Amino acid sequence: MNKILLVGFVFIALFAACQTQTSDAEVKEVGSPERAVDSAPSYDKEVAALLDKGKGRTSYHYAFNYKVMDEFGNYRVKADYEVFVKNDKVKKVYIAPVKLNKEVFYDNVYLDNAAKTALVTCVKTGSLCSPAYKKVYTADYEAEELPFTAVELLEKVPLDAQVTGTSALYGRSASIIEYGSERLYVDTYFGLPLKHEVYKVEGDQEIILEESTFTRLSVDAKDGDVTVPKDFVMVE
């Protein structure tokens with residue numbers, strides 16, 4: 001009798017265990033499937049921190065020089081002027097007056113990147129500026145448009161970029177970001193470029209093909225820096 005009862009208890013226990021396992025399996029089958037982990041590519045953390053700091057800048061100022069090596073191995077200066085940026089508006093200040101036509105020279109350019117317009121005037125004292133002094137003329141926007149701004153240069157950095165070192169440059173501290181055959185020196189405080197290089201390597205020699213520098217960097221451009229003064233006269 002005791003043997004029969006023992007066999008019965010064992011059977012009941014095994015049956016209950018099987019039912020529990022079946023229920024667990026059913027729950028796993030009808031439950032929500034696990035979501036796949038988002039594996040979208042992203043910047044290295046150190047690179048991302050620098051770029052995010054700079055890309056958020058909407059007001060900044062620098063002295064800009066941009067040169068490119070020609071087919072004969074000589075550098076040609078493509079840009080050499082001071083730049084003020086405030087949102088969509090830009091002011092360029094040339095070191096020396098530039099000719100607009102036979103009689104008119106200018107040294108200040110006011111660009112509206114949203115409206116695609118360019119206005120020019122001359123504010124330096126001297127014979128070249130006197131015909132256009134505090135007079136405003138319309139100029140060709142495409143001819144005066146910047147090749148790129150400091151922030152636009154940051155936006156071109158690819159996801160595989162890496163920080164490869166640090167450097168002291170123009171009295172400031174910079175992190176060096178490299179990608180492909182390009183090297184970007186980024187101000188560690190402002191997150192804006194101090195220098196950008198495009199290069200090639202021939203044997204054991206590195207040759208700079210393009211170089212742009214951003215000196216006297218600051219983030220204090222104001223509306224008045226990028227707006228034509230109210231007392232200037234527009235010439236039709």
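Treat the numbers as computed from the prediction; the structure is a model and nothing was measured.

Draft legend 1. Highlighting the pattern of salt bridges. Going through the model one piece at a time under the given rule, you end up with 13 salt bridges. Residue Asp-223 pairs with Lys-86 through a salt bridge whose shortest N-O separation is 3.1 Å. Of this pair, Asp-223 sits in the loop between strand S11 (205-218) and strand S12 (233-234) while Lys-86 sits in strand S2 (residues 75-86), placing them 137 residues apart in sequence. A single salt-bridge network, built from bridges that share partners, covers Glu-178, Arg-183, Lys-195, Glu-197 and Glu-206.

Draft legend 2. Structural detail: the state of the cysteines. The full count for this structure, using the stated rule, is one disulfide. One disulfide bridge connects Cys-122 with Cys-129, the sulfur atoms lying 1.7 Å from each other. The disulfide joining Cys-122 to Cys-129 has a torsion of about -50 degrees about its S-S bond and is therefore left-handed. Overall, Cys-129 belongs to the buried group, its relative accessible area being 2%.

Draft legend 3. Region of the structure containing unusual backbone geometry. For Asn-87, which is not a glycine, the phi torsion comes out positive at approximately 55 degrees. You can see Asn-87 is positioned in the loop between S2 and strand S3 (89-99). In the Ramachandran plot, Lys-116 falls in the positive-phi region, its phi being about 60 degrees despite a non-glycine side chain.

Draft legend 4. Broad picture of helix H2 (residues 45-55). Of the residues making up H2, those classed as buried are Val-47, Ala-48, Leu-50, Leu-51 and Gly-54. Down the axis of H2, the sector holding all buried residues measures 165 degrees, keeping them to one side. Turned more than 90 degrees away from the buried face of H2, the exposed residues are Lys-45 and Asp-52. Each element contacted by the buried residues of H2 is listed here: helix H4 (150-155), strand S7 (162-169), strand S8 (172-179) and strand S9 (182-187). Where H2 begins, the side chain of Asp-44 points an oxygen toward the backbone nitrogen of Glu-46, at a separation of 3.0 Å.

Draft legend 5. The packing of aromatic side chains, seen in detail. Applying the stated rule across the entire model yields eleven aromatic pairs. Ring geometry for Phe-64 versus Phe-148: centroids 5.7 Å apart, planes at 80 degrees, classification edge-to-face. Of the two residues, Phe-64 is situated in strand S1 (residues 59-69) and Phe-148 in the loop between helix H3 (141-144) and H4; the sequence distance between them amounts to 84 residues. Given a relative accessible area of 2%, Phe-64 falls into the buried group. Assessed through its relative accessible area of 8%, Phe-148 is described here as buried. Judged by centre distance (5.2 Å) and plane angle (70 degrees), the rings of Tyr-189 and Phe-190 are edge-to-face. The exposure class of Tyr-189 is exposed, given its relative accessible area of 59%. Judged by its relative accessible area of 10%, Phe-190 is buried. Through successive ring pairs, a cluster of aromatic residues spans Tyr-60, Tyr-62, Phe-64, Tyr-66, Tyr-81, Tyr-94, Tyr-106, Phe-148 and Phe-214. Its guanidinium or amino end placed over the ring of Tyr-75, Lys-67 lies 4.9 Å from that ring's centre, counting from NZ or CZ. The positively charged end of Lys-195 is found above the aromatic ring belonging to Tyr-185, 5.0 Å away from the centroid.

Basis of the calculations
- Residues numbered from 1 in each chain as written.
- Predicted model: local features only at pLDDT ≥ 70, side-chain atom pairs only at ≥ 80, totals over all residues.
- Heavy atoms only, no water.
- Salt bridge = Lys/Arg side-chain N within 4 Å of Asp/Glu carboxyl O.
- Helix = DSSP H or I, 4+ residues; strand = E, 2+ residues; numbered from the N terminus.
- Disulfide = S-S within 2.5 Å.
- Buried < 20%, exposed > 50% of the residue type's maximum accessible area, 1.4 Å probe, protein only.
- Arc of directions from axis to C-beta.
- Contact = heavy atoms within 4.5 Å.
- Polar contact = N/O pair within 3.5 Å; in protein donor to acceptor, adjacent residues only side chain to side chain.
- Phe/Tyr/Trp six-rings, centres within 6.5 Å; stacked < 30°, edge-to-face > 60°.
- Lys NZ or Arg CZ within 6 Å of the ring centre and 35° of its normal.

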